[in-house]
Amino acid sequence: MEQTVLQEKKFNKLITVVSVVVPVVVAILFGVKIPNVERLGFLPPIYASINGLTAVLLLIAVWAIKNGKRELHQNIMTSCIGLSVLFLLMYIAYHMTSESTSYGGEGAVRYLYFFILITHIVLSIAIIPLVLKTYAFAYLKKFDKHRKWAKLTFPIWLYVAITGVVVYLMISPYYPA
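Attention here is on the structure that accompanies the text. Keep in mind the model is a prediction, meaning the values are calculated, not measured.

## Looking at the pattern of salt bridges
Within this structure, the stated rule accounts for three salt bridges. We note a salt bridge from E8 to K142, for which the minimum N-O separation is 2.2 Å. Remark: K142 occurs in the loop between α4 (108-139) and α5 (143-171) and E8 occurs in helix α1 (residues 2-30); sequence separation between them is 134 residues. Taken together, the salt bridges that share partners define one network made up of E8, K133 and K142.

## What about the packing of helix α2 (residues 43-66) against helix α3 (residues 70-97)?
In the contact formed by α2 and α3, the axes pass within 9 Å of each other and the chain directions differ by 165°. Relative to α3, the element α2 lies roughly antiparallel. As for how α2 packs across α3, the hand of that crossing is left-handed. The residue inventory of the contact of α2 with α3, partitioned by class, reads 25 nonpolar, four polar and one charged.

## Topic: the packing of aromatic side chains
Throughout the structure, instances matching the rule amount to 13 aromatic pairs. Ring plane angle 55° and centroid distance 5.8 Å describe the contact between F137 and W149, whose orientation is recorded as tilted. With a gap of 12 residues between them, F137 in helix α4 and W149 in helix α5 connect regions that are remote in the sequence. These aromatic residues form a ring-pair network of at least three members: F30, Y47, F87, Y91, Y94, Y168 and Y175. Lying over the aromatic face of F143, R70 brings its terminal NZ or CZ to 4.3 Å of the ring centre. The lysine or arginine in question, K133, covers the ring of W149, its NZ or CZ lying 6.0 Å from the ring centre.

## Some remarks on the environment of E8
For E8, a relative accessible area of 12% gives the class buried. In this view, E8 contacts K133, F137, L140, K142 and K145; residues no more than four positions away in its chain are not counted.

## Section: the nonpolar core
One broad trend across soluble globular proteins is that nonpolar side chains are buried collectively. Judged by nonpolar contacts, the single largest core of 22 residues is most densely connected at Y47, L58, C80, I127 and W157. Sequence-distant contacts of C80, defined by excluding residues within four places in its chain, comprise T54, L57, L58 and W157. By size, the runner-up hydrophobic cluster in this structure holds seven residues, among which are L117, V167, M170 and I171.

## Some details on α3
Turn by turn, an α-helix covers 3.6 residues, leaving residues three or four places apart pointing in a common direction. Its 28 residues place the ends of α3 41 Å apart at the C-alpha level, agreeing with the 40 Å of an ideal helix rising 1.5 Å per residue. Where α3 is buried, its residues contact α1, α2 and α5.

## As for unusual backbone geometry
Non-glycine residue N36 carries a positive phi angle of around 60°. Mapped onto the elements, N36 comes out in the loop between α1 and α2. On the basis of relative accessible area, N36 is assigned to the exposed category, the value being 81%.

## Thoughts on the packing of α3 against α5
At a closest axis distance of 14 Å, the pairing of α3 and α5 adopts a crossing angle of 45°. On the basis of the axis angle, α3 is oblique to α5. Here the hand of the crossing between α3 and α5 comes out left-handed. Across the interface between the two elements, R70, H73, M77, C80, I81 and S84 from α3 touch F143, H146 and W157 from α5. Class assignment for the residues of the contact of α3 with α5 results in five nonpolar, three polar and one charged.

Rules used in this analysis
Residues numbered from 1 in each chain as written. Predicted model: local features only at pLDDT ≥ 70, side-chain atom pairs only at ≥ 80, totals over all residues. Heavy atoms only, no water. Salt bridge = Lys/Arg side-chain N within 4 Å of Asp/Glu carboxyl O. Helix = DSSP H or I, 4+ residues; strand = E, 2+ residues; numbered from the N terminus. Axes fitted to C-alpha atoms, helices over the stretch in contact; angles between N-to-C directions. Parallel < 35°, antiparallel > 145°, perpendicular 65-115°, else oblique. Left-handed = near helix turned anticlockwise from the far one by under 90°. Nonpolar A, V, L, I, M, F, W, Y, C, P; charged D, E, K, R; others polar. Phe/Tyr/Trp six-rings, centres within 6.5 Å; stacked < 30°, edge-to-face > 60°. Lys NZ or Arg CZ within 6 Å of the ring centre and 35° of its normal. Buried < 20%, exposed > 50% of the residue type's maximum accessible area, 1.4 Å probe, protein only. Contact = heavy atoms within 4.5 Å. Core = buried A, V, L, I, M, F, W, Y, C linked by side-chain atoms within 4.5 Å. Expected span 1.5 Å × (residues − 1).

Shape is all these values report; function is a separate question.
Structural data, given as structure tokens:
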């Protein structure tokens, strides 16, 4: 029992560090432009697709656990974390080689876009510790806590994944050719 408590404390420290460092590093790198490199304009549809795939896999993972397929659930959730890391790497690479694209829509759609974008960004930061904490509880076999946290984590992560696709679809007509 004490070993589990020590492991959980280690996880909590790591989760705290990752949850602070990742958004700070992303914010810093977002402002860094690599000189004399070709714009990686092919990445946005790929990382939008990764968001879409993550959303689908999250839904399948819920189905799997509700149908007693624990190993499938675990594998899918691990894949979702891997896809999220891949998304983040591609997102950073794109923004280090490309200027930000301004949204060109007008009227109510413009306000809708910025609402979706802002909630997507804020929740994509908030989801980091939620996912890691939820995953840690499963790893530590604290399934009651895992289920409790998953009820909060799942809808937020699903929202972030879906709105990532929506943001891409809304801004894609304004990307430079």
